[in-house]
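Chain by chain, the residues run as shown.
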Amino acid sequence: MQILLKAKEEVSLIVDATPKYRFHDKQKIVAINQKTPIRHAYYREYRNLQHLCLLILQHQKHQIGLGTKQVYGILFDGAWLWEEYVNLLVEDVFYHPMNRVGQGAQRLFAGKAGLIYPDFISRDSQNRVIGDAKYKPAENIGNKDYLQVLAYMLRFDAKKGFYFYPESTQVAEEHILWVNSGTTYEKNVKRREDMCVIKHGLLIPGNSVDYETFLCQISVAEIKFQEELLHSISIDRQVENR
């Protein structure tokens, strides 16, 4: 039942994002995309996606093992898989609400308004920390991501928020962003010393010669990820205890 309710919520989001779409427009949209397939080199990565969408809209067979076309890969939700992987590394420190099955739902406002599912909420109620899994490079974590985590931090009285992302460079260093106070109108903008968000990366080995080597390298990276995260969180405890 919870899965069905979640599916309805996701369908509603799609409907809200496409207010001008009408069911009778489907054939017109299919015809336009068949007549003008993506050819520009800049968008070449979307050619296969366009083709797949056309197959789905026309109810043609695209299941694995059926049809005459060769299967080259499997479509999966990488963002969800990354979130669940991160949970395995931080589950001793964080609660993990799961919107896909409706577990751990939270509310922004009284009266059951503002349904939210933060990725991670720390178990320490005296030093609450928010975590957000992002399956993208640190430089691609931007404004909408910031607003979301800051809203969660406000809701749970957290002074620190984390973005957990996969790092592909040789070194996974924390990027600390201190929240500002003041306004440019009054020329009194300055950074707050008590509130920040941190981009905390997990180094993903990219030069492994074989699978066994990769396992050893990722194991070392996971331990470092956990140790540095715990250290970063414990700093606040030390300051509060003084």
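Rules of the game
Residues numbered from 1 in each chain as written. Predicted model: local features only at pLDDT ≥ 70, side-chain atom pairs only at ≥ 80, totals over all residues. Heavy atoms only, no water. Phe/Tyr/Trp six-rings, centres within 6.5 Å; stacked < 30°, edge-to-face > 60°. Helix = DSSP H or I, 4+ residues; strand = E, 2+ residues; numbered from the N terminus. Buried < 20%, exposed > 50% of the residue type's maximum accessible area, 1.4 Å probe, protein only. Lys NZ or Arg CZ within 6 Å of the ring centre and 35° of its normal. Contact = heavy atoms within 4.5 Å. Core = buried A, V, L, I, M, F, W, Y, C linked by side-chain atoms within 4.5 Å.

1. Examining the packing of aromatic side chains
The description of an aromatic ring pair rests on the distance of the ring centres and on the angle between the ring planes.
Okay, step 1: Evaluation of the coordinates by the stated rule reveals eight aromatic pairs.
Okay, step 2: When the ring of Phe94 is compared with that of Phe164, the centres are 6.0 Å apart and the planes differ by 80 degrees; the resulting orientation is edge-to-face. Of this pair, Phe94 sits in strand E1 (residues 94-95) while Phe164 sits in strand E6 (residues 160-167), and the two are 70 residues apart along the sequence. A single burial state applies to Phe94 and to Phe164, both of which are buried.
Okay, step 3: A connected cluster of aromatic rings, assembled from ring pairs, spans Phe94, Phe120, Phe162, Phe164 and Phe225.
Okay, step 4: Over the ring of Phe156 we find Arg155, and its NZ or CZ is 4.4 Å from the ring centre.

2. Concerning the environment of Asn33
Okay, step 1: Structurally, Asn33 is set in helix H2 (residues 26-35).
Okay, step 2: Exposure remark for Asn33: the relative accessible area of 25% places this residue in the partly exposed category.
Okay, step 3: Sequence separation of Asn33 and Gln50 is 17 residues, and the distance between their C-alpha atoms is 7.8 Å.
Okay, step 4: In this structure Asn33 touches Gln50 and Leu54, once residues within four positions along its chain are discounted.

3. Focus: the nonpolar core
Okay, step 1: Formed by 18 residues in total, the largest nonpolar core has its most connected members in Val90, Phe94, Phe120, Phe162, Phe164 and Leu229.
Okay, step 2: Those elements that provide at least two residues to this core are helix H4 (78-90), strand E5 (129-133), E6, strand E8 (190-203) and helix H6 (211-240).
Okay, step 3: Counting residues per element, this core draws most heavily on H6, at five residues.
Okay, step 4: Ala158, Tyr165, Met195 and Val197 belong to the second largest nonpolar core, which has 15 residues in total.

As far as function goes, none of this settles anything; it's purely spatial.
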